[in-house]
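Structural characterization, general
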Amino acid sequence: MKRFIILFAIMLVVSIALMWAMMAQNGYDLFAPEMAGMLLVAVLVAAYVSFRISRILARRVERSHDGSPLKGAQKTKLSGLFNSKSKALQAREARVAARRKQLIAEGKLVEETPLEPVVEPTPTGEAPTRVPQSASVADKMAARRERYRRAKEEGKI
C-alpha cells in the first residue's frame, strides 16, 4: 500500500504539472471550474498507472521468493523503497533461521549443501570423450580431439 501511495503521489504531481504547463501556454487556467473533468481524469489515470506498477513490482517480489531467474531486478538502488520486506516477515525469517540452526545442532535436520555435478572418472590412461558443459574450453577441445582420434581409428572418418 505504501508503494502505491508513493507512486500515486509522484504520478499525480507529474501529470498535473504537465497539464498546467500545457494549458498555461495556451492561455487557459487548469483550476477553473470547467476543467474539473480534466483534473478528475488526471487523478484516475495516475491511480491506474500507480496500481499497475505496484502490481508488477509485487509479482516480481513473489517470483524472487519462488526462485525465479530474475534475481538482478531486486538489487537496484531503489529496490529498498519498493521491495522492502515488512517487519513481520523479517521477524518470521529470523525465527525460521534460528529454528533451522537449532535443529541442525541437535542433529534432527541435515544442512542443505548445493549439489555438484557428478563427473564419472575415466579409466587411467584414457582421455575423456565427454566432459560436463561447465568444463573449461581446453577440456572440451581435448575431449573433441579424443573423439575424433577414436573415430578415425575405427574407420568412421
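As shown above, the structure is provided for reference.
Anyway, here's the lowdown on the structure attached to this text.

Reading the values: the criteria
- Residues numbered from 1 in each chain as written.
- Predicted model: local features only at pLDDT ≥ 70, side-chain atom pairs only at ≥ 80, totals over all residues.
- Heavy atoms only, no water.
- Helix = DSSP H or I, 4+ residues; strand = E, 2+ residues; numbered from the N terminus.
- Buried < 20%, exposed > 50% of the residue type's maximum accessible area, 1.4 Å probe, protein only.
- Contact = heavy atoms within 4.5 Å.
- Areas by Shrake-Rupley, 256 points an atom, 1.4 Å probe, with all protein chains shown as cover.
- Phe/Tyr/Trp six-rings, centres within 6.5 Å; stacked < 30°, edge-to-face > 60°.
- Patch = residues over 30% accessible without salt bridge, like charges linked within 9 Å, V, L, I, M, F, W, Y side chains within 5 Å.
- Salt bridge = Lys/Arg side-chain N within 4 Å of Asp/Glu carboxyl O.
- Lys, Arg positive; Asp, Glu negative; His and termini not counted.
- Charge placed at Lys NZ, Arg CZ, Asp CG, Glu CD.
- Core = buried A, V, L, I, M, F, W, Y, C linked by side-chain atoms within 4.5 Å.
- Expected span 1.5 Å × (residues − 1).

Our focus in this paragraph is the overall build of the chain. Within the chain one finds five helices and zero strands. Shown N-terminal to C-terminal, the secondary structure of the chain runs as helices and strands in the order α-α-α-α-α. In the chain, which comprises 157 residues, the share counted as buried stands at 17%. Restricting to contacts in the chain with at least 6 residues of sequence separation, those with at least 24 account for 39%. When the accessible surface of the chain is split by element, carbon and sulfur atoms take 62% of a total near 12,800 Å².

In total, this model carries one aromatic pair according to the counting rule given. Between Phe4 and Phe8, the ring centres sit 6.0 Å apart and the planes meet at 15°, which makes this aromatic pair stacked. Residue Phe4 and its partner Phe8 are both found in helix 1 (residues 2–25); the two are separated by four residues, about one turn of the helix. Classification of Phe4 as partly exposed rests on a relative accessible area of 22%. When its relative accessible area of 22% is taken as the criterion, Phe8 is described as partly exposed.

Before going further, it helps to spend a moment on a positive patch on the surface. Where like charges cluster on the molecular surface, the positive patch consists of Arg52, Arg55, Arg59 and Arg63. Assignment of secondary structure puts Arg63 in helix 2 (residues 36–65).

Now for the nonpolar core. Grouped together as the largest cluster of nonpolar side chains are five residues: Met19, Met23, Leu30, Met35 and Ala42. Setting aside chain neighbours within four positions, we find Ala42 in contact with Leu12, Ser15 and Met19.

With that out of the way, let us pick up a nonpolar patch on the surface. A cluster of nonpolar residues, Ile10, Val14 and Leu18, forms a patch on the protein surface that exposes about 290 Å² of accessible area. Its place among the elements puts Ile10 in helix 1.

Attention now moves to the pattern of salt bridges. According to the stated counting rule, one finds five salt bridges in the structure shown. Note that Arg149 is salt-bridged to Glu146, the shortest N-O span being 2.4 Å. Of this pair, Arg149 and Glu146 both sit in helix 5 (residues 137–153), separated by three residues, roughly a single helical turn. The exposure class of Arg149 is partly exposed, given its relative accessible area of 37%. Since its relative accessible area comes to 9%, Glu146 is described here as buried. One salt bridge in this structure joins Glu153 and Arg149, with 2.4 Å as the shortest N-O distance. Residue Glu153 and its partner Arg149 are located together in helix 5, separated by four residues, close to a single helical turn. One network of salt bridges, in which partners are shared, links Glu146, Arg149, Arg150 and Glu153.

Turning our attention to helix 1. Taking 1.5 Å per residue, 24 residues should reach 34 Å; helix 1 reaches 35 Å between its end C-alpha atoms and fits that length. Inspection of helix 1 places Arg3, Leu7, Leu12, Ser15, Met19 and Met23 among the buried residues, and these make up the whole buried set. The first or second residue beyond helix 1 is Gly27, which carries a positive phi of 85°.

Next up on the list: the side chain of Ser54. Mapped onto the fold, Ser54 is located in helix 2. Assessed through its relative accessible area of 10%, Ser54 is described here as buried. Apart from the residues lying within four places of it in its own chain, the contact partners of Ser54 are Arg3, Phe4 and Leu7.

Remember that the coordinates give geometry; whether it matters functionally is a separate question.
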